[in-house]
Structure formats: structure tokens, C-alpha cells
Amino acid sequence: MASFNKLGVLTSGGDAPGMNSCVRAITRTALYHGHEVVGIHEGYHGLVNGFLSPFDAREVGGILQRGGTVLGTARSEEFYTEEGQRKGKAQLDEAGVDALVVIGGDGSMRGAMALANLGVRVLGIPASIDNDIWGTNMSIGVDTALNTIKDAIDKLRDTASSHRRAFIIETMGRNCGYLALMAGLIGGAEVVLIPESEVTIDEVAEAVEKAYKRGKTHSIVVVAEGASVKTAELAAAMDELKVGFSTRVTILGHVQRGGRPSAFDRLLATRFGVKAVEALLEGESEVMTGLSGRDISLAPLADVVSRQREANLDYFEMAKMLAY
């Protein structure tokens, strides 16, 4: 069985609920197998600048249920350069770290691939509420974020019904419509706007007006931040077109990233963390953990960084049908 002496772990990019659960699983699994662990603080910025410290079982005690990331995360312009990447590798070499686990989104996986190209033994774990990482059905943080959005929609529906209003709710997701689509489906939205499928302002207005004429007391429109029609533009147009309901806008923003990870995210993060260490012990490198059905799989990092996961349009058609 291939092994390593000292394992490094870092979280990078946007924080996602469940990252701490994953750090805990990685640390304790490596320690169980008799290996040292080093925590790298503030993502690739911390790697380049040598923000490394030993991690033992107590360092990760009490973090399973915490949102965010105890290791911290930060953008690093320097790491985008080859010189910065070489500085990061030098920091690992100096600390005696001979294997690295990177927890983060697509940009973090590209950083992991860059280090792999320099000879670092690296394994990625997907963590991004956007769920836009190819090679996994779900990333760490997605389920918690989706539950946050669902709770917001449920609450906004109460006030929308009381005042006979249409609420336009904007979600995060960058160029992937997963969060908006799933939130719209489980939240009973009349219309969902996502980057993967074009919907015009007139189509949105028509759907909302039909809901009004059918006697509905409210209307919910969910907009992904990457949709071609922008939230402010849509709200202004709906007021001008007089769709029956008065219109209000709620942009959920970074509240979607916070909070205690759900049971699903804690379990997924834990399974990913254990799998990552076991895969490194078995000689794997330049791969990312992923959820495939109910199983934890491995996908080549080269494939992960060259593709992007998109929302499943079968759910888009389902959402339209159920909005009737």
C-alpha cells in the first residue's frame, strides 16, 4: 500500500457548510492510520505564504456542526501565476508535506491540478453551494444552501399571500442554475429563470398574470444570478406590464453560504474526507472524490477542470408542469 508521511489539508474558494466536517474526517482518518496532518490556513494565499500548522485530533474537535471553515479561505492573485504555484510547492516541501487534500470549488480544483503538474501528490474534494463541479452529483454545501433557500421561499410566500404580491427571489449559483431550479421546484414557484434555459420577460409576466387570474393569492419567481434576465430588470418590467400582483424583490445573497451543515452535508463531507485519505493511501493522485448514485467515486482532476456541471433540464420541465 502506497503511503505518505505528512498530509496537508486546505479549504479554498467560497466557503460551504460541511467543509469543517470534511476537515475533521480527513484529519482523524490520517491520524488513525498513523500519519501527521498539517492544516493550511487561508487557502492558496496561506499556502504561498506558509500559513501552516500541525493538526491533531483536538484541533478538529467540536467543528463537525460548524458552518464556514475553521481553516479560513482567501483569494490569491499570486497563486494564479506559475511563480506563486512554485512558492506553494516549496512551502509544502519545506514542511515535509508529501500529500495534499484540497477542499473547494472549480477554481480550487484548477489550483490542485496546477500543483499536481509541479509534482505534488494531490487529491480534490468538491465543496461549493453552486453544484457546478463536474464529476460529482452533489458537492459539499449544496444541500444546506438549498434548505436555506427553501426556508426563505416558505416565509416569503406567507407575506406574499397576505399582501397579494409577486416575489422575485434571486439565488446564488454563478453560471449554474441548480440552486434556483431545485428551489423553485420544491418551493412551488410559478417561474424559474436559469442560465441553461432562456425565458423571456414576457413569458414570466404571462405566467404570473395567469396565476393572478386563476385566483392565486401570490406568485413566486426564482431567478438564478447567472440567468440572462436580471432581477432588477424583471421587477421593473413586471410593474410596468401590470401583471395583477404588485412586485417585491428579495436577493438572498451570502446567507445561502452560512449556517450549520445539514445531516446530508455532514455525512457527505465525512464520506468524502475518509475516501480522500484512503485513496491516497492506495496510491491515488490527481483525482477528485465524487458522489455517484449512493457511492463515493473518483474522477480524474484533468476531466474535472475541463468541464462544468449544468442543471438537469428534466427538472426544469417538471417545474413548469407543476406550476400550473
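Our structure's up above, just so we're on the same page.
What you see is a predicted model, and the numbers here were worked out from it, not measured in a lab.

Enquirer: Could you give an account of the overall build of the protein chain, naming the residues involved and the relevant values?
Expert: Scanning the protein chain from N- to C-terminus turns up 11 helices and 11 strands. Relative to a compact globule of 324 residues, whose C-alpha radius of gyration would be 20 Å, the protein chain shows 22 Å and is just as compact. The buried share of the protein chain, reckoned over its 324 residues, is 54%. Pairs at least 24 apart in sequence give 76% of the contacts found in the protein chain among residues at least 6 apart. The average position of the 33 basic charges and that of the 41 acidic charges among the side chains of the protein chain differ by 6 Å.

Enquirer: Could you give an account of the pairing of strand E6 (residues 165–171), naming the residues involved and the relevant values?
Expert: Buried residues dominate E6, accounting for 7 of its 7 residues. Across the two faces of E6 the burial is the same, with Arg165, Phe167, Ile169 and Thr171 and Ala166, Ile168 and Glu170 all buried. Direction of pairing for E6 relative to strand E9 (residues 246–251): parallel, over a ladder of 6 bridges. Each bridged residue has a counterpart across the sheet, and for Phe167 the counterpart in E9 is Arg248.

Enquirer: Before we move on, can you summarise helix H8 (residues 231–241) with the specific residues and values?
Expert: Regarding H8, the residues found buried are Thr231, Leu234, Ala235, Ala237 and Met238. Angular distribution of buried residues about the axis of H8 spans 165°; they occupy a single face of the element. Among the exposed residues of H8, those pointing more than 90 degrees away from its buried face are Ala232 and Glu240. Lining the buried residues of H8 we find E6, strand E7 (191–193), helix H7 (201–213), strand E8 (219–224) and E9. Downstream of H8 by a residue or two, Lys242 has a phi angle that is positive, lying close to 55°.

About the thresholds
- Residues numbered from 1 in each chain as written.
- Predicted model: local features only at pLDDT ≥ 70, side-chain atom pairs only at ≥ 80, totals over all residues.
- Heavy atoms only, no water.
- Helix = DSSP H or I, 4+ residues; strand = E, 2+ residues; numbered from the N terminus.
- Rg over C-alpha atoms; globule rule 2.2 N^0.38 Å.
- Buried < 20%, exposed > 50% of the residue type's maximum accessible area, 1.4 Å probe, protein only.
- Contact = heavy atoms within 4.5 Å.
- Lys, Arg positive; Asp, Glu negative; His and termini not counted.
- Charge placed at Lys NZ, Arg CZ, Asp CG, Glu CD.
- Pairing = 2+ DSSP bridges.
- Arc of directions from axis to C-beta.

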